Amino acid sequence: MAFDVDLFVIGGGSGGVRAARMAAATGAKVALAEDSRMGGTCVIRGCVPKKLMVFASSFRELPGEARAYGWDIPDGSFDWQAFRGKLHAELDRLEGVYRRLLDGSGVAIHDARARLSDAHTVELSNGTRVTAKHILVATGGRPERPDLPNAQLGLVSDDIFLMDKLPRSVLIIGGGFIACEMACILNGLGVKVTQFYRGAQILRGFDDEARGLVAEAMKESGIDLHLGTNIVEMAEAAAMGEQDSDMGADVGFSADLLPHSGKKGCPVWVKSTNGHEAVFDSVLFATGRAPNSRDLGLEDIGVKIGRRGEIVVDDYSQTAVPSVYAIGDVTNRVNLTPVAIREGMAFSRTVFEGDPTPVDHTLIPSAVFTQPELGTIGLTEEEARAQEPIEVYCTSFRPMRSAFAGSTARVMMKIVVSQESRKVLGVHIVAPEAGEMIQLAAIAVKMGATKEDFDRTVAVHPTMAEELVTMRAPVRRS
Ligand code: NDP
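None of these values were measured; they are calculated from a predicted model.

So, how was this worked out
- Residues numbered from 1 in each chain as written.
- Predicted model: local features only at pLDDT ≥ 70, side-chain atom pairs only at ≥ 80, totals over all residues.
- Heavy atoms only, no water.
- Pairing = 2+ DSSP bridges.
- Helix = DSSP H or I, 4+ residues; strand = E, 2+ residues; numbered from the N terminus.
- Axes fitted to C-alpha atoms, helices over the stretch in contact; angles between N-to-C directions.
- Buried < 20%, exposed > 50% of the residue type's maximum accessible area, 1.4 Å probe, protein only.
- Near = heavy atom within 4 Å.
- Polar contact = N/O pair within 3.5 Å; in protein donor to acceptor, adjacent residues only side chain to side chain.
- Areas by Shrake-Rupley, 256 points an atom, 1.4 Å probe, with all protein chains shown as cover.
- Expected span 1.5 Å × (residues − 1).
- Contact = heavy atoms within 4.5 Å.

A. Broad picture of the sheet that holds strand E13 (residues 268-272). Spatially, three strands are ordered E12-E13-E14 in an open sheet, and the strand pairing comes out antiparallel. Since the sheet does not close on itself, it has two edges, and those belong to strand E12 (231-236) and strand E14 (277-280), each with one partner. Taken pair by pair, the neighbouring strands of this sheet meet at an average axis angle of 25°, ignoring direction. Where E13 and E14 come together, four bridges link them in antiparallel fashion.

B. Structural detail: unusual backbone geometry. For the bond running from Gln371 to Pro372, omega is 5°, close enough to zero to count as cis. As for its placement among the helices and strands, Pro372 is situated in the loop between strand E18 (366-368) and strand E19 (373-378). Here the bond from His461 into Pro462 is cis, since omega is -5°, no more than 30 degrees from zero. By the element assignment, Pro462 lies in the loop between helix H14 (451-456) and strand E23 (476-477). Positive phi is not limited to glycine here, since Asn150 has a value of about 70°. Looking at the secondary structure, you find Asn150 in the loop between strand E7 (141-143) and strand E8 (155-156). Here Asp295, not a glycine, exhibits a phi torsion of approximately 55°, which is positive. Position of Asp295 relative to the elements: it lies in the loop between strand E16 (289-291) and helix H9 (298-301). Exposure remark for Asp295: the relative accessible area of 55% places this residue in the exposed category.

C. How the structure looks around the sheet that holds E19. Read across the sheet, six strands follow the order E18-E19-E22-E21-E20-E23 without closing on themselves; strand pairing throughout is antiparallel. Two strands bound the open sheet, and with one partner strand each, they are E18 and E23.

D. Highlighting the site of the ligand. Close to the ligand lie 21 residues, the nearest being Gly175, Ile178, Tyr197, Arg204 and Ala367. The contact in question runs from an oxygen atom of the ligand to an N or O atom on the backbone of Gly175, over 2.9 Å. Between the ligand and Ala286 there is a distance of 3.3 Å, counted from an oxygen atom to a backbone nitrogen or oxygen. Burial of the ligand by the protein chains amounts to 76% of its free accessible area of 910 Å².

E. A look at helix H13 (residues 434-446). With 13 residues, H13 should cover 18 Å at 1.5 Å per step; its first-to-last C-alpha distance of 17 Å lies within 8% of that length. Ala434, Gly435, Met437, Ile438, Ala441, Ala442 and Val445 are the residues of H13 that are buried. Looking at the buried side of H13, the elements it contacts are E18, E19, strand E21 (411-418), strand E22 (424-431) and H14.

F. The arrangement of the pairing of strand E5 (residues 121-124) in detail. The pairing of strand E4 (residues 114-118) with E5 spans four bridges and is classified as antiparallel. In the sheet register, Leu116 faces E5, and the bridge partner there is Val122. Count of turn residues in the E4/E5 antiparallel hairpin: two residues. Sheet topology note: the E5/strand E6 (residues 129-137) ladder contains three bridges and is antiparallel. Among the inter-strand pairings, Val122 is bridged to a residue of E6, identified as Val130. Between E5 and the antiparallel strand that follows it, E6, lie four residues; Gly127 among them carries a positive phi value of about 95°.

What follows is the structure, given as structure tokens:
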């Protein structure tokens, strides 16, 4: 049977675009549909704008630090409108780059929503039907609000980049990547930040000591972090007669950026699990993300969907329907951009280069862009201890740069080592630029380096990272 294309990709995010380009490079005829902006979550409403906001927020500390080093610099103020304009210009530029990359690879772009009508046919919202030998679903995920009356009054991470003005106060719900990163960013930009996390410590799943240090630093920087606390009720503050001139200013959204924002972004009255009531300019739900698997016609054609809405795939990203594959956040494996890209590349190798390539989901480094950052690779101390006898090398100290300026901020470097194989099972770094450091440490860990390999490496002095190769005695053996 002749198909219109060899591959139809649904979703123009990092994973989908990479898979489309790689497949096209093999000579395959490829089409891609995207119903929003090209670039997906990472480029348009995730990693990229978030990191630019991390940079923006980090300047608050600089004048004080510079003064301690002898500079005559006054404190400045932050202009959200000026920053937002530049931010969106940059996102437009990047979106253009993604489009040009696809065009240049010969991929046909459809700016439309796609739906599968059978195992080989895609129907587009503009009425076009395209038949494809293979279909790749790379539709990503979306932020989820908790099931709470009036939850629609709260913002989600997508909204943060679109606000007309910064709220004066924000309540952030959650203790994961997005909650903690946004708490640090908004705090750095001068917003009064309160954060509720329902568990005993933020950043569940990360190394306990690392989590503790990040939480301490966040509190130290002025974030009002409440652990073991959740939101139980919320309502529009004006409707509760709670709006006052100090706490109630609508953050608003530009109609062109977010046409259907409704009441979202208005001051909100909140009641917490401890009975406390307060009004915040905004509430931000950072309570997790869900796979975008709905309304794609997947179940109708026999694709299996899991309990959380994820598309169930095998090691080669193939679904229960042989012609349909899925990669990235919609499969809810490891929801990180570089992982989606690898899944896209492995898919293309498997299907278009005759080289069956499973995706290696082991030892994936990651970083949480809090201030300070948390960089991690491998097992946490707790996971490693449950697995085998270990040694833990750990140091916490005041880094030279900020200590000189009088700061009490501390950094932490931890190496978890197998007693038997001597292999480094995990590295955890809490420090400025920990994301940069962990990338390099991850190469060694992925290669199977032992603690002695770390020890044989000469230190780069004076740096923070040199501690990774100079810790001689374990702080614990267990
Ligand atoms: P996470 O799953 O990391 O965190 C969700 C948080 O919300 C958890 O603290 C969770 O609590 C809490 N939560 C969930 N439901 C409720 C509820 N009903 N009421 C109160 N709290 C609730 O999701 P994120 O949205 O922060 O991030 C999604 C994913 O995106 C990450 O896992 C990561 O893969 C990726 N990401 C990566 C980044 C990076 O690499 N730097 C940055 C941002 C996102 P509990 O712990 O108790 O379940």
